[in-house]
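Chain and residue survey
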Amino acid sequence: MIADLHIQTAHVQEVTYLKNCYYTTPFKVANITEDKKDPTLRLMVMSSSPGILDGDEYRLKIELEENASLQLHTQSYQRLFSMKQKATQQMEVSLAKGSSFCFIPHPAVPHEQSNFTARNKIFLSDNCSLIFGEILTCGRKLNGEVFLFSKHHTVTEIFINNRLVIKENLLMQPATIDVNAIGQLQGNTHQASLIYLDEKADIKFLIAGVKELMLSQNDISMGITAAPANGIIVRLLGQKAEQLFDCLKMIAVYLPQHNQLKPTAYAI
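An account of the accompanying structure is given in this report. Everything numeric in this text was worked out from a predicted model, so none of it was measured.

1. Notes on the pairing of strand E17 (residues 231-238)
- In terms of burial, E17 is a largely internal element, 6 of the 8 residues being buried.
- In terms of strand pairing, strand E15 (residues 190-198) meets E17 through 8 bridges, oriented antiparallel. Bridging from a neighbouring strand, Ile-195 pairs with Ile-233 of E17.
- Where strand E16 (residues 221-226) folds back onto E17 in an antiparallel hairpin, the turn is made up of 4 residues.

2. As for the sheet that holds strand E8 (residues 87-95)
- Taken in spatial order, the 7 strands line up as E2-E1-E5-E8-E11-E13-E14 in an open sheet, and their pairing is mixed. Strand pairing shows two members of the sheet lacking a second neighbour, strand E2 (15-23) and strand E14 (163-172), which therefore form its edges. Recorded for the sheet is a direction-independent mean angle of 10° between the axes of neighbouring strands.
- Note: strand E11 (residues 115-124) against strand E13 (residues 151-160), 10 bridges, orientation parallel. Counted as the bridge partner of Ile-122 is Ile-158 from E13.

3. Comments concerning the packing of aromatic side chains
- Under the defined criterion, the tally for this structure stands at 5 aromatic pairs.
- Here the aromatic rings of Phe-123 and Phe-159 are separated by 4.8 Å at their centres, their planes lie at 10°, and the arrangement is stacked. Within this pair, whereas Phe-123 is found in strand E11, its partner Phe-159 is found in strand E13, the two being separated by 36 residues in sequence.
- Assessed through its relative accessible area of 22%, Phe-123 is described here as partly exposed.

4. Section: the side chain of Gln-191
- In this fold, Gln-191 is placed in strand E15.
- Filtering out sequence-adjacent residues up to four positions away, Gln-191 remains in contact with Glu-134, Ile-135, Leu-136, Leu-170, Met-172, Leu-185, Leu-236, Leu-237 and Leu-244.

5. Digging into the environment of Cys-138
- Tracing the backbone through its elements, the reader meets Cys-138 in the loop between strand E12 (129-136) and E13.
- Along the chain, Cys-138 and Thr-189 lie 51 residues apart, while their C-alpha atoms are 5.3 Å from each other.
- Sequence-distant contacts of Cys-138, defined by excluding residues within four places in its chain, comprise Pro-110, Glu-145, Val-146, Phe-147, Leu-148, Phe-149, Thr-189 and His-190.

6. A few points about empty space enclosed by the protein
- Scanning all chains against the criterion turns up 1 cavity of 30 Å³ or more.
- Approximately 40 Å³ is the volume attributed to the largest cavity.
- Those elements that place two or more of their residues in the lining of the largest cavity are E12 and E15.
- A class-by-class count of the residues in the lining of the largest cavity yields 3 nonpolar, 3 polar and 2 charged.

7. So, helix H1 (residues 203-214)
- Between its terminal C-alpha atoms H1 stretches 17 Å, which fits the 16 Å expected from 12 residues at 1.5 Å a residue.
- When H1 is considered as a whole, its buried residues turn out to be Ile-203, Leu-206, Ile-207, Gly-209, Val-210 and Met-214. Seen from one end, H1 has its buried residues packed into an arc of 165°, which puts them on one side. In H1, those exposed residues whose orientation departs by more than 90 degrees from the buried face are Lys-204 and Glu-212.

Calculation notes
- Residues numbered from 1 in each chain as written.
- Predicted model: local features only at pLDDT ≥ 70, side-chain atom pairs only at ≥ 80, totals over all residues.
- Heavy atoms only, no water.
- Buried < 20%, exposed > 50% of the residue type's maximum accessible area, 1.4 Å probe, protein only.
- Helix = DSSP H or I, 4+ residues; strand = E, 2+ residues; numbered from the N terminus.
- Pairing = 2+ DSSP bridges.
- Axes fitted to C-alpha atoms, helices over the stretch in contact; angles between N-to-C directions.
- Phe/Tyr/Trp six-rings, centres within 6.5 Å; stacked < 30°, edge-to-face > 60°.
- Contact = heavy atoms within 4.5 Å.
- 1 Å grid on protein atoms, 1.4 Å probe; cavity = no way out; pocket = protein on both sides within 12 Å on 5 of 7 lines; lining within 4 Å.
- Points joined across faces, edges and corners; volume = space filled by probe spheres on them.
- Nonpolar A, V, L, I, M, F, W, Y, C, P; charged D, E, K, R; others polar.
- Expected span 1.5 Å × (residues − 1).
- Arc of directions from axis to C-beta.

In structure tokens, the structure reads:
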């Protein structure tokens with residue numbers, strides 16, 4: 001199945017609104033913004049499909065006009081079913097000057113023999129803010145499907161004024177790569193990452209703050225570093241998908257609220 005989703009947002013009188021929306025089966029989009037005076041538009045992408053199936057091709061395009069602010073949500077965990085061939089997803093996000101985009105999707109759960117490739121391209125203009133997360137699980141852990149998927153490959157490229165500044169390349173092939181080896185997951189079963197970019201952010205202050213925020217978490221390993229552009233990259237390893245999901249949401253709320261130079265508000 002080939003499925004398309006196209007969202008356009010615009011900004012008027014300090015409020016972001018949904019300018020245009022187009023989708024095909026199985027996608028649906030719901031506006032979950034509670035306060036209509038909130039400057040940030042909150043949308044949820046829903047699906048009538050139980051998950052991504054063999055041969056599926058998802059194509060998503062998100063466009064934010066100048067000064068727009070969009071927070072995109074998913075409905076539930078993304079299940080990747082067993083496949084004889086493969087499934088793919090492409091997402092392209094364009095941020096005009098002064099816009100902000102936040103996307104922390106639910107964890108991906110690859111079933112036995114699933115083969116999935118996702119490619120994300122995000123284009124930022126001047127004075128934009130980006131929060132982008134990703135969580136990958138080992139599979140249906142309680143069913144005994146621990147790293148039985150065939151392949152999971154995600155590539156995320158982030159451009160600022162058409163210049164590539166970050167390229168994330170996550171490739172998991174448990175049959176050929178020892179997931180417990182040094183430099184891999186080393187006994188952990190779940191992993192998460194978060195990228196935050198904002199040219200006005202106080203990076204040293206935010207790195208210290210995120211470290212302090214995560215001290216309350218047990219049984220996770222964390223790494224945090226300054227990004228090549230003005231921002232931070234956070235890595236988390238753990239044993240529970242919900243815990244890592246909660247951690248990314250906590251960080252996504254903390255970062256803009258404690259950005260000393262440009263305070264804004266996100267509520268995940």
